[in-house]
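Chain and residue survey
Below, each chain spelled out in residue letters.
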Amino acid sequence: MEKLQFDNLQETLYKEVMDNGLHVYVLPKPGFQKTYATFATKYGSVDNHFRVEGQEEVSVPDGIAHFLEHKMFEEPEGDIFATFASNGASANAFTSFDQTVYLFSATENVKANLETLINFVQHPYFTDQNVEKEKGIIGQEINMYLDNADWRVYFGLIEAMYQIHPVHIDIAGTVESISTITKETLYTCYNAFYHPSNMLLFVVGGVNPEEVFELVRANQAAKDYKPQGKIERIFEPENVEVAEKRRVAKLAVSMPKCLFGFKEKTVGFTGSELLRRDLTTKLMLDLLFGTSTELYQKLYDEELISDSFSHEYNSSPQYAFSAVGGDTPDPDKLLARVREEVDNVLKNGFKESDFERARKKKIGGYLRMLNSPENIAHEFTRYQFRGSDFFSVVQVYESITLQEVNDRLKEHVDWNQMAVSIVVNP
Amino acid sequence: MNKTAFQHGNAGRMRIHVLPSKRFKTFAISLYAGIPLAEETVTGTALTPFVLRRGTASYPETRQIREQLEQMYGAGFGFDVYKRGNYQIVQFRMDTINDSFVKSQESLLESSFAFLGEVVTRPVLEEGRFRGSYVQAEKENVRKKMEAIVNDKIRYASERCIEEMCRNEPYRLHPLGQRKDLEGITPQSLYDAYRQWLDHASLDLYVVGDTSLEEVEKLIGKHFDLSAAAEASYKQEKSVRKADEVRTVVEKMEVSQGKLNMGLRTSVTYADDQYAAALMYNGILGGYPHSKLFMNVREKASLAYYASSRYDGHKGIGTIQSGIEIQNYEKALEIIKMQLEDMRAGKITELEMSQTKAMIRNLLLEIDDSAFEMIAYDFNRQFSGKDRSRAELLQQVEAIRIEDVKAAAETFELDTIYFLKGQKEE
């Protein structure tokens, strides 16, 4: 058991790697009633083409990682939610581009719940019948998202930017793509990505670290995992340019939704380099589009944006892009005005005082997030899968300079790399 | 459960509730200001906080307000307007970093009260009324928000169901107010509405963090300009409204998925002895993934991705919501009605009882881990006039037997069926 102390955050993290390669982290929160645990695999919707060392290369149907997530909850004795409920735990799971996370939250019976979590994720049970049944449920989930304008405009932007990289494929797939999923394809994916060496268990809350490690050690020792070779994720080269400059979808909305963003020309960063770039870009976007900026207030006064106007940055080793926008009565006018205002900022860069304030805001936002065990577990895991250290965020923010932010601004805001996604009334 | 409890005090007509705690990294502050929900006041009251956030006496420009929040390490500030029982509540929230985590020269707790006091009690005025440009812009903003409700079909269907069900009482009103009222609102009339609201609202201010009741009382006295009007408190009338004949409302819109919502009436409300039984009723029917609705509509029949129920003890209303294939309407309705009948007939297993109790227990225990959840629970006590600790409620839930749930089920009567379906379908 390794102990990592973060004095500035008043947090202590404990870590241990099991013999089979499973990484386990425990963050005790003295005085907390609840324990929150996530069991995650570094496997998401983008991993649709891969080869495990010594095995055949495979391509699998779109939406299969998410389908697999649904199917894991079924065990021969029934639905695993019932087992969690008997022990007072609230359980769930989610699939994103590059990870699948299973979780529970409980105030009692923590050991029993932790065993349930580990055991059900490490025990696939797929039958022809239960795979078929799930297609109806997931079909309704897909339909639900089809009616969701915010999701449509967001995904439309990614589709406009990326032509080849599977990040542009909807996480749940389509009704057609999931129709080709069988129990055999599910087992192929399961066996490739659910090996303990590709997974991370994070436990946060009112727990004793040594007790958690003891439980996990015994649990894993009783299971017969053979060492697994490296997983090679195969991605065809993505174009530098955006796939489409502008993409429009039709849906019943009260007002058009417009998102725009910039596709990074250079990717491939990992670890602390990726983290620094990620945080620098987020700081830059806040200085450019945040609610206290001149640009924001002007556009608000001109009634081109509303409270829904926001910005985000999504970065991984293989893809990175910004997404900015919200509801607007006139997407073209909004885009023209944004370009005008941003060009002004590009000339002179940001002011030192604004930069210092934005930095404070970011540090405060991070510290506030540490009140939530859920956020800590999710963010820590996400960072870890990218080789970045979640607990170094404050130090990185403190070390970022105005020069770096201004350089990032010039590099990121390249109008040739911009794509636009719009949702309008039919 | 922690043995900590809120300390209660007063500053003028404001009730103050403080929970000193060192467990969190922030000071959590909440101000509740509620007035009876009424057609004449609903729109003005809803619009008021939107204008208040635009400018204060010390920070007349919106950008200054937002810069001030950023200076305070990005203090969280926000507000909500919602219905609770027969009241309309405006809730302001702040979440500010505890100074010990950052190198701040000023007390961030004091800065927070100075800020909140300014926003709520010292708006920027022009000739004794609100600034015209802010009122105009926020009228437009609220109008857009009202129109945007339709964009989220799940929320839209649920609000429409309530609106139809309560069409003959104030509860039909949307918390944001009525579109037809917006046009006539002037800077003077809104200022008058603001004064009315501030002078007559029931005011409850909450703080959770490393502070004391004395300190908070002092800060309120220093930073809030409140009139000497009498303290107001919430009054609950016993709901006597019975369900009418079941009414079915069908609405057509451009949607991929049908939204089936149902509204039920119950005589059991928050302050009743039967409240714990009503909570159990809802939990067994559709509160969780082990509940009847999820198991039968989703897992067995594969008809939906979500199928759940909610219980609003302040209003005495139960709701059911599900997203289904449009042609499966009859089938889904039949299955849901069957679950309601089974509840009434007491067809409930001991396992359903024990699982639901365990889930409710978990829910009540984990409130302790969130400052804002603790605040919300205590506010329910202030609001309903029912002094029932979480420990007491927990005991009552543990003691519930199947016949108690059956008795509670008999008080839930189906009132309205609302179905949102596609344009094309028959």
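Numbering of residues begins from 1 in every chain and follows the order in which that chain's sequence is written. Starting at A for chains and at 1 for ligands, labels are handed out in the order in which the entities are written. Thresholds applied to this predicted model are a pLDDT of at least 70 for local features of residues and 80 or more for the giving and counting of side-chain atom pairs; totals over whole chains, interfaces and linings are not thresholded and use all residues.

Before going further, it helps to examine the packing of helix H1 (residues 42-52) of chain B against helix H7 (residues 187-200) of chain B. Residues and elements named next belong to chain B. At a minimum axis separation of 9 Å, H1 and H7 run at an interaxial angle of 100 degrees. Here H7 runs roughly perpendicular to H1, going by the angle between their axes. Along the contact surface, H1 presents Gly44, Thr45, Leu47, Thr48 and Val51, while H7 presents Leu190, Ala193, Tyr194 and Trp197. Charged residues are taken to be Asp, Glu, Lys and Arg, nonpolar residues to be Ala, Val, Leu, Ile, Met, Phe, Trp, Tyr, Cys and Pro, and polar residues to be all remaining types, Gly included. By residue class, the composition of the contact of H1 with H7 is six nonpolar, three polar and no charged. Axis angles are defined between N-to-C directions and span 0 to 180 degrees, where every axis is a line fitted to C-alpha atoms and, for a helix, only to the segment in contact. Going along the chain from the N terminus, every DSSP run of H or I of four or more residues is numbered as a helix, and every run of E of two or more is numbered as a strand. The scheme is simple: roughly parallel for angles under 35 degrees, roughly antiparallel for over 145, roughly perpendicular for 65 to 115, oblique for anything else. Distance between backbone-placed C-beta atoms decides contact: two residues are in contact if it is within 7 Å.

Turning our attention to the sheet that holds strand S2 (residues 14-20) of chain B. All names here are of chain B. Spatial ordering of the open sheet is given by S1-S2-S8-S3-S5-S4, a layout of six strands whose pairing is mixed. Looking at the sheet topology across the chains shown, the edges are occupied by strand S1 (7-11) and strand S4 (76-84). Neighbour-to-neighbour, the strand axes of the sheet open up by a mean angle of 20 degrees, direction not taken into account. For two strands to be treated as a pair, DSSP must find at least two bridges joining them. Sheet analysis places S2 next to strand S8 (residues 202-209), joined by seven bridges and oriented parallel. In the strand pairing of S8, Arg15 is matched with Asp204. Strands in contact with H1 are strand S3 (26-36), S4 and strand S5 (87-97); relative to S5, the strand with the most contacts, it is inclined by about 10 degrees.

Here we take up the environment of Val208 of chain B. All names here are of chain B. Looking at the element boundaries, Val208 is found in strand S8. Owing to 27 C-beta atoms within 10 Å, Val208 belongs among the buried residues under this scheme. For the pair Val208 and Gly85, spaced 123 residues apart in sequence, the C-alpha separation works out to 25 Å. Not counting residues up to four positions away in its chain, the partners in contact with Val208 are Leu19, Ser21, Phe24, Ala28, Ala371, Met374 and Ile375. For every residue, the other C-beta atoms within 10 Å of its own C-beta are counted; 20 or more classify it as buried, 12 or fewer as exposed, and values in between as partly exposed. C-beta atoms are placed from the backbone.

Bringing the interface of chain B and chain A into the picture now. In this complex, chain B contributes 53 residues to the contact, which on the side of chain A involves 51 residues. The set of elements that each furnish at least two residues to the side of chain B that touches chain A consists of helix H2 (62-71), S5, helix H4 (132-148), helix H10 (292-300), strand S11 (304-312), strand S12 (317-324) and helix H12 (350-366) of chain B. Per element, the largest residue contribution to the side of chain B that touches chain A is eight residues, and it comes from H12 of chain B. Residues belonging to the side of chain B that touches chain A are distributed by class as follows: 19 nonpolar, 15 polar and 19 charged.

A few words on unusual backbone geometry. You will see that Tyr73 of chain B, though not glycine, has its phi angle at about 50 degrees, which is positive. Among the structural elements, Tyr73 of chain B can be located in the loop between H2 and S4.

UniProt positions are given in the numbering used here, feature names are shortened, and annotations may be inferred rather than shown by experiment. Mapped onto this numbering, the UniProt entry gives "domain: Peptidase M16 N-terminal" (unreviewed entry) at residues 62-174 of chain A. Structurally, residues 62-174 of chain A is divided into 53% helix and 15% strand, and its ends, taken at the C-alpha atoms, are 7 Å apart.

Now for the domain arrangement of chain A. Residues and elements named next belong to chain A. As assigned here, chain A comprises domain 1 (2-233) and domain 2 (246-424). Each of domain 1 and domain 2 has a C-alpha centre, and these two points are 28 Å apart. Facing 32 residues of domain 1, the contacting portion of domain 2 comprises 31 residues. Broken down by secondary-structure element, the contributors of at least two residues to the side of domain 1 that touches domain 2 are strand S3 (23-28), strand S4 (35-41), helix H5 (149-161) and strand S11 (199-205). The element best represented in the side of domain 1 that touches domain 2 is H5, accounting for nine residues. Its residues assigned to classes, the side of domain 1 that touches domain 2 shows 20 nonpolar, six polar and six charged. Either an automatic procedure or a domain database provided the assignment from which the domain bounds are taken.

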